[in-house]
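Reading the structure
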Amino acid sequence: MRIEPYSPCPCGSGKKYKFCCYRKKPDTASFSATFHVAGEPVGTAPLPPSAADAGLRTAMDLNVKGNELLHRLELDEAIKIFQQAYAACADYTPALNNLALCYFQKYEIEKAIETQQKALAVPRSNPFGQASLALYCRYLPHPKEQKQLAEDALRRALEMHSVSFDSVLRTCKSVALYGWHQEILTLLETSDFGRNESLAFYGGVAAANLGEYERAAKFLKIAQRAGEPANALAKRYRRMLRDHAVPNTIRGNWPYFTPDELIPLPVYGMSQQALRDEVFTHSIAAVDLAESLVNAGEDMADHGLTLLGESQHPAARELLEIIARSVTGPDARRTRAAMLLKGDAPGSGKPQDLWLKGKQRSVITRRHTLNPDYRFCPDPPAKWAKLFKDSVELMQQNPANAPIAAEGFKKVFTNAPEVFPARFNYATTLLAMGRFAEAETILRDILREHPTYLFAASALLRIMTRQGRMDEARDWLRTYEPPEETHPDAWLSWLFAQLAYHVKQGDRDAVRPFRDMIMRLAPDHPLLDKPEHQL
């Protein structure tokens, strides 16, 4: 297949083909950014002896066609073509490499690894395949297994001499994920493509991470001619080096990747729930993405913290500990990281030293258990159960029904005082009728008798917030201790009450984590669609 000289280069650099990969090696008519289609240099067992071999020629032609589909993310069709190429010539590893990549892009990680290992079983040099295997391993759910398999693959990739640009690029990307900075510099020193602008970006970031700033600046100057996002990062990093600035990142390192580079594109567009499946949350890839999101700025940091809280990988806890102990970034981020740390028993009240409001403080955080089967009191006696239910439905239908519902609730708690939620519901009818003082008296009485009843605590906080009694609300929040275990609906009510309080206070740093916690608990809650001042 012939690539037009002035068409966009398939490597994704943003340049015309003539001024990019056309100049990188003499036979680039079949080149693609994802994989070289002409094959690696001969290894221990060469490919069939001639490109004229019918099976090999068919496989090569099919591989070019498959690459076109792969670049357009027409993955199902690309898979069929690469399978045909493999059937035509089982020793032609680029087709298997590409087939594995298709499975990876579909987030079928086990298939990707199985296919990649099949390609690596062919006795010939395949550094691209080794580096790809290391990448796919980051999505495995078993930390110890993936680490050993990946590191072995990376070492083999680095030991192989690559004469194709795409193999060196893939090796740099995979090595960067594992933080092997010196290995990147060594690879570029021995590579025929060490001055390529896309590869120079990795050299610049590696040198910066090793403290070799002059060397980093030289690499990054070349990398400014690379495609997005490397060129933008290269320009920013050069400015930072010139100004002697340091990265405002979790670890203080210079990142190689933006968030969208750390997950297959089709997966990156999935819903939050799709990203929370067990395999992903157990993988180091989830931690990679979370760290990149936090590093990307406050608009994305909350999503990164959420992902860290849901991750089951041990590296997630390590990263949360780093965030909680840092002295940079907003206080709300450190506080939330401390709350998300796993391992402490709910309500243990283990003190943590956090940098808050410009000084080191000892803070106690507690975790709470949400139990859908939790009951605050016995069910109403059969005689009053229907009246209780009917009164609730009246209020749900229309708040204007408050006077009628109030009579019903009053009858229930008068005849069955142990059903104290009926007293709470009676107080809410008073609120609907504008009788705030009476409602507040009842709520405080309920909390004295049943301090763990979060619905009453939420309503009381809302009254103080609505009436602008912010100092009183602040002092009350400092002394009130939420229960260790409660019903999810009660906890949601408590979160909304605190969200409204912080909105009224104008504390944006505090608003974000509460809104994020509500979205995780009830992403479709109608109150989330309202303007914040109406909460």
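Here the focus is the overall build of the protein. The helix and strand inventory of the protein stands at 25 helices and four strands. Relative to its full complement of 535 residues, the protein shows a buried share of 51%. Taking the intrachain contacts of the protein between residues at least 6 apart in sequence as the baseline, contacts between residues at least 24 apart amount to 59%. Accessible surface, the protein: about 25,700 Å² in total, of which carbon and sulfur atoms supply 52%.

Along its 14 residues, helix 21 (residues 436–449) runs 20 Å from first to last C-alpha, staying within 8% of the 20 Å computed at 1.5 Å per residue. Those residues of helix 21 that fall on the buried side of the exposure criterion are A439, E440, I442, L443, I446 and L447. With its buried residues spanning 165 degrees around the axis, helix 21 presents them on a single face. Opposite its buried face, helix 21 presents the exposed residues A437, R448 and E449, each directed more than 90 degrees away. For helix 21, the elements touching its buried residues are helix 20 (420–432), helix 22 (454–466) and helix 23 (470–479).

For the rest of this paragraph, the subject is the packing of helix 5 (residues 127–137) against helix 7 (residues 165–177). Packing of helix 5 against helix 7 leaves a shortest axis separation of 8 Å and a crossing angle of 25 degrees. As judged from the angle between their axes, helix 5 and helix 7 are roughly parallel. The crossing of helix 5 and helix 7 is left-handed. Together, P127, F128, A131, S132, L135 and Y136 of helix 5 and D166, S167, R170, T171, S174 and L177 of helix 7 make up the contact between the two elements. Tallied by class, the residues present in the contact of helix 5 with helix 7 amount to six nonpolar, four polar and two charged.

Attention now goes to the packing of aromatic side chains. Counted by the stated rule, this structure contains 21 aromatic pairs. Considering the side-chain rings of Y202 and Y256, the 6.0 Å spacing of their centres and the 20 degrees angle between planes classify their relative orientation as stacked. Separated by 54 residues along the polypeptide, Y202 in helix 9 (residues 197–209) and Y256 in the loop between helix 11 (230–242) and helix 12 (265–268) bring together distant segments of the chain. Overall, the relative accessible area of 4% leaves Y202 in the buried class. Take Y256: its relative accessible area is 6%, and that puts it in the buried class. By way of ring pairs, the aromatic residues Y374, F376, F420, F424, Y453 and F455 are connected into one cluster. The ring of Y178 is capped by R138, whose NZ or CZ atom sits 4.4 Å from the centre of that ring.

Right, let's get into the packing of helix 21 against helix 22. Their axes nearest at 9 Å, the elements helix 21 and helix 22 cross at an angle of 145 degrees. When the axes of helix 21 and helix 22 are compared, the crossing they make is left-handed. Together, F436, E440, L443, R444, I446 and L447 of helix 21 and A456, A457, A459, L460, I463, M464 and R466 of helix 22 make up the contact between the two elements.

This paragraph deals with empty space enclosed by the protein. The tally for this structure, following the rule as stated, stands at three cavities of 30 Å³ or more. In this structure, the largest cavity occupies an estimated 90 Å³ of space. Lining the largest cavity, in full, are N248, T249, I250, V294, N295, I322, I323, S326, T328, R333 and R334. For the lining of the largest cavity, the secondary-structure elements that each account for two or more residues are helix 14 (284–295), helix 16 (314–325) and helix 17 (331–340).

The next thing to look at is a positive patch on the surface. A cluster of basic side chains, namely R195, K218, K221 and R225, defines a positive patch on the protein surface. Counting through the fold element by element, K221 comes out in helix 10 (residues 213–223).

What follows is about unusual backbone geometry. Following E228, the chain continues into P229 via a peptide bond in cis, with omega recorded as -5 degrees. In this fold, P229 is placed in the loop between helix 10 and helix 11. Phi is positive for Y107, which is not a glycine, with a value near 65 degrees. Positive phi outside glycine occurs at H244, with the angle close to 60 degrees. Note that H244 resides in the loop between helix 11 and helix 12. Here H244 falls in the exposed class, since its relative accessible area comes to 72%.

We now examine the pattern of salt bridges. This structure, assessed with the given rule, holds 25 salt bridges. Taking the shortest distance from any N to any O, the salt bridge between R57 and D61 comes out at 3.9 Å. Highlighted residues: R57 and D61, both in helix 1 (residues 54–71), separated by four residues, approximately one helical turn. Among the residues examined, R57 registers a relative accessible area of 35% and is labelled partly exposed. Across the pair D390 and K386 runs a salt bridge, and its minimum N-O distance is 2.8 Å. Taken together, the positions of D390 and K386, both in helix 18 (residues 382–397) and four residues apart, correspond to about one turn of that helix. Residue classification places K386 among the exposed positions, given a relative accessible area of 59%.

Rules used throughout
- Residues numbered from 1 in each chain as written.
- Predicted model: local features only at pLDDT ≥ 70, side-chain atom pairs only at ≥ 80, totals over all residues.
- Heavy atoms only, no water.
- Helix = DSSP H or I, 4+ residues; strand = E, 2+ residues; numbered from the N terminus.
- Buried < 20%, exposed > 50% of the residue type's maximum accessible area, 1.4 Å probe, protein only.
- Contact = heavy atoms within 4.5 Å.
- Areas by Shrake-Rupley, 256 points an atom, 1.4 Å probe, with all protein chains shown as cover.
- Expected span 1.5 Å × (residues − 1).
- Arc of directions from axis to C-beta.
- Axes fitted to C-alpha atoms, helices over the stretch in contact; angles between N-to-C directions.
- Parallel < 35°, antiparallel > 145°, perpendicular 65-115°, else oblique.
- Left-handed = near helix turned anticlockwise from the far one by under 90°.
- Nonpolar A, V, L, I, M, F, W, Y, C, P; charged D, E, K, R; others polar.
- Phe/Tyr/Trp six-rings, centres within 6.5 Å; stacked < 30°, edge-to-face > 60°.
- Lys NZ or Arg CZ within 6 Å of the ring centre and 35° of its normal.
- 1 Å grid on protein atoms, 1.4 Å probe; cavity = no way out; pocket = protein on both sides within 12 Å on 5 of 7 lines; lining within 4 Å.
- Points joined across faces, edges and corners; volume = space filled by probe spheres on them.
- Patch = residues over 30% accessible without salt bridge, like charges linked within 9 Å, V, L, I, M, F, W, Y side chains within 5 Å.
- Salt bridge = Lys/Arg side-chain N within 4 Å of Asp/Glu carboxyl O.
- Lys, Arg positive; Asp, Glu negative; His and termini not counted.
- Charge placed at Lys NZ, Arg CZ, Asp CG, Glu CD.

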